[in-house]
Amino acid sequence: MPWYAVRPRDPADPRWPLPGKPQIVLKGADPAEAREKFEQAYPSTPFGTPSTPVPDGAGSFEGDAEALVVEETAEPAPPR
């Protein structure tokens, strides 16, 4: 299976669950499966952010296909 980099289209999107990490790299059969895995792993921003307070679940990327960019990438370096 290839590796895919998932990142927000807008780097300032308050729904991004990984502050300080511009993208996450994961395996998938295709870009759609990689996006689905990301949405399952990070279903929402539980309490929003200080700039955008939202109730549980409202901060999700689910159903907003245009908000995430999914691109094939090289295998990431192993963790140290």
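Below is a short write-up of the structure.

So, how was this worked out
Residues numbered from 1 in each chain as written. Predicted model: local features only at pLDDT ≥ 70, side-chain atom pairs only at ≥ 80, totals over all residues. Heavy atoms only, no water. Phe/Tyr/Trp six-rings, centres within 6.5 Å; stacked < 30°, edge-to-face > 60°. Helix = DSSP H or I, 4+ residues; strand = E, 2+ residues; numbered from the N terminus. Buried < 20%, exposed > 50% of the residue type's maximum accessible area, 1.4 Å probe, protein only.

A few words on the packing of aromatic side chains. Tallying each qualifying case throughout the model produces four aromatic pairs. Taking 5.3 Å as the distance between ring centres and 10° as the angle between the ring planes, the aromatic pair formed by W16 and F38 counts as stacked. A residue pair is termed long-range when its members are at least 10 positions apart, and W16 in the loop between β1 (3–8) and β2 (24–27) and F38 in helix α1 (residues 31–41) qualify at 22 residues. Overall, W16 belongs to the buried group, its relative accessible area being 11%. For F38, a relative accessible area of 1% gives the class buried. On the basis of an interplanar angle of 75° and a centroid distance of 6.3 Å, the ring pair of W16 and F61 is categorised as edge-to-face. With W16 in the loop between β1 and β2 and F61 in the loop between α1 and β3 (68–73), this pair connects stretches of sequence that are 45 residues apart. Both residues of the pair, W16 and F61, count as buried.

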